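What follows is each chain in one-letter form.
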Amino acid sequence: MYVITGPTASGKSALAVDLARRLGTEIISADSRQIYQGIPIVTAMPTPEERAAVKHHLIDMLPLDAYYSASQFEEDALRIAEDVMNRTGSVVVCGGSMMYVDALCHGIDELPTVPDSIRQGLMEEHAEKGDAWLLDQLQNLDPEYYGKVDKKNIKRVFHAVEIIRAAGKTYTELRTGERRSRPFEIKKYMIDMPREMLFSRINRRVDAMVADGLEEEARRVYPQRALNSLNTVGLKEMFAMFEGTMPRDVAIERIKKNTRVYAKKQLTWWARDREIIPLCWNVSPDAFLSTQNH
């Protein structure tokens, strides 16, 4: 299994497609937003040409109101990986969602299944009372995890609160950090490039998204803006613009800034991963494959 990861806008998708074509295999997406339907521009979904060239799994498959977690991704991705590897001998995983990559490579803690009644009830309360209320819930229920969690990642906060409600234990108690073995070799690569180049690519990508219809895409999903699937950079700023709290030019610049901030978080996360092999940003698929044993 070849895992191609790296910060947003670093060129993961193009390399993964070229690599999968040369290997005669398929791609599993490890992106927590591309799994949803209806938001291809803001999630930088693989293009129709890329999807025609190589079969992609776990993208563009769920309605926006569907619940999906890293544990579900682990189960689905392992099942698909086994099937693809049995047929082709290899598989390419591509994505920048840190929790998804970790879930596939090492597994995540086994957590209780959340009953629909608990999840729906929390969704309704959250929609009515907002993010600040949800954060207060987590702080009261599990102060230790509250001190560690990324408080801007509301999806993760929501998941912790629903797990606590379902288990009757703190999320901290349920997290063991135990690593699971996998029945296949995993080689994990991160596309590496100078930060100035990365930030320039991010800025150009946002401009391209706007030109491709980001504002129109955001307007289509605006009525569902309370959904966790839409709590993402690019949409939040557009929603603020629609509500009159942010001028259009400011919203676009804020998307660029917040995307750069997210890229820094990704880089910090992977800097701690000793299994990551840096991959030069302009490496060709042929040069990459020449270093591998097939």
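Conventions used here
- Residues numbered from 1 in each chain as written.
- Predicted model: local features only at pLDDT ≥ 70, side-chain atom pairs only at ≥ 80, totals over all residues.
- Heavy atoms only, no water.
- Helix = DSSP H or I, 4+ residues; strand = E, 2+ residues; numbered from the N terminus.
- Rg over C-alpha atoms; globule rule 2.2 N^0.38 Å.
- Buried < 20%, exposed > 50% of the residue type's maximum accessible area, 1.4 Å probe, protein only.
- Areas by Shrake-Rupley, 256 points an atom, 1.4 Å probe, with all protein chains shown as cover.
- Lys, Arg positive; Asp, Glu negative; His and termini not counted.
- Charge placed at Lys NZ, Arg CZ, Asp CG, Glu CD.
- Core = buried A, V, L, I, M, F, W, Y, C linked by side-chain atoms within 4.5 Å.
- Disulfide = S-S within 2.5 Å.
- Salt bridge = Lys/Arg side-chain N within 4 Å of Asp/Glu carboxyl O.
- Phe/Tyr/Trp six-rings, centres within 6.5 Å; stacked < 30°, edge-to-face > 60°.
- Polar contact = N/O pair within 3.5 Å; in protein donor to acceptor, adjacent residues only side chain to side chain.
- Contact = heavy atoms within 4.5 Å.

With that out of the way, let us pick up the overall build of the protein chain. Scanning the protein chain from terminus to terminus reveals 14 helices and six strands. Rg of the C-alpha trace for the protein chain: 19 Å, near the compact-globule value of 19 Å for 294 residues, within the 12% margin. Looking at the protein chain residue by residue over its 294 residues, the buried ones come to 51%. Put simply, the protein chain shows about 14500 Å² of open surface, and 48% of that area lies on carbon and sulfur atoms. Positive and negative side-chain charges in the protein chain, numbering 40 and 42 respectively, have mean positions lying 4 Å apart.

Turning to the nonpolar core, a few remarks are in order. Core analysis: the biggest nonpolar cluster contains 47 residues, and Ile28, Phe73 and Met238 have the highest contact counts within it. Elements with a minimum of two residues in this core: helix H3 (70–88), helix H4 (98–106), helix H10 (195–212), helix H11 (214–221), helix H12 (235–242) and helix H13 (248–271). Sorting elements by how many residues they give to this core places H3 first, with seven residues. Membership of the second largest hydrophobic core comes to 28 residues, among which are Ile4, Val54, Met98 and Leu279.

Counting across every chain of the model gives zero disulfides. Cysteine Cys94 is unpaired, with the sulfur of Cys105 as its nearest cysteine sulfur at 13 Å.

Glancing now at the pattern of salt bridges. Within the structure shown, the criterion is met by 18 salt bridges. Glu144 is paired through a salt bridge with Lys148; the nearest N and O atoms lie 3.6 Å apart. Given a relative accessible area of 46%, Glu144 falls into the partly exposed group. Lys148 sits in the exposed class, given a relative accessible area of 56%. A salt bridge links Glu253 to Lys256, with the shortest nitrogen-to-oxygen separation between them at 3.4 Å. Placement of the pair is Glu253 and Lys256 together in helix H13, with a separation of three residues, close to one helical turn. Connected through salt bridges with shared partners, the residues Glu26, Asp83 and Arg87 form a single ionic network.

Here the focus is the packing of aromatic side chains. Within this structure, the stated rule accounts for eight aromatic pairs. Relative to Tyr100, the ring of Phe73 lies with its centre 4.5 Å away and its plane at 15°, an arrangement referred to as stacked. Within this pair, whereas Phe73 is found in helix H3, its partner Tyr100 is found in helix H4, the two being separated by 27 residues in sequence. Relative to Phe288, the ring of Tyr189 has its centre 4.8 Å away and its plane inclined at 75°; by these criteria the two rings are edge-to-face. You can see Tyr189 sitting in strand E5 (residues 187–192) and its partner Phe288 sitting in helix H14 (residues 285–290), a full 99 residues away along the chain. The pair formed by Tyr189 and Phe288 is uniform in burial state, with each residue classed as buried. An aromatic cluster is built from Tyr2, Tyr189 and Phe288, whose rings are joined through pairwise contacts.

Residue placement: Lys12 occurs in helix H1 (residues 12–23). The buried charged residue Lys12 lacks any salt bridge, with Asp31 as its nearest oppositely charged partner at 6.7 Å. A distance of 3.3 Å separates a polar atom in the side chain of Lys12 from the backbone oxygen of Gly6. Apart from residues lying up to four places away in sequence, Lys12 is in contact with Ile4, Thr5, Gly6, Pro7, Cys94, Gly95, Gly96 and Ile191.

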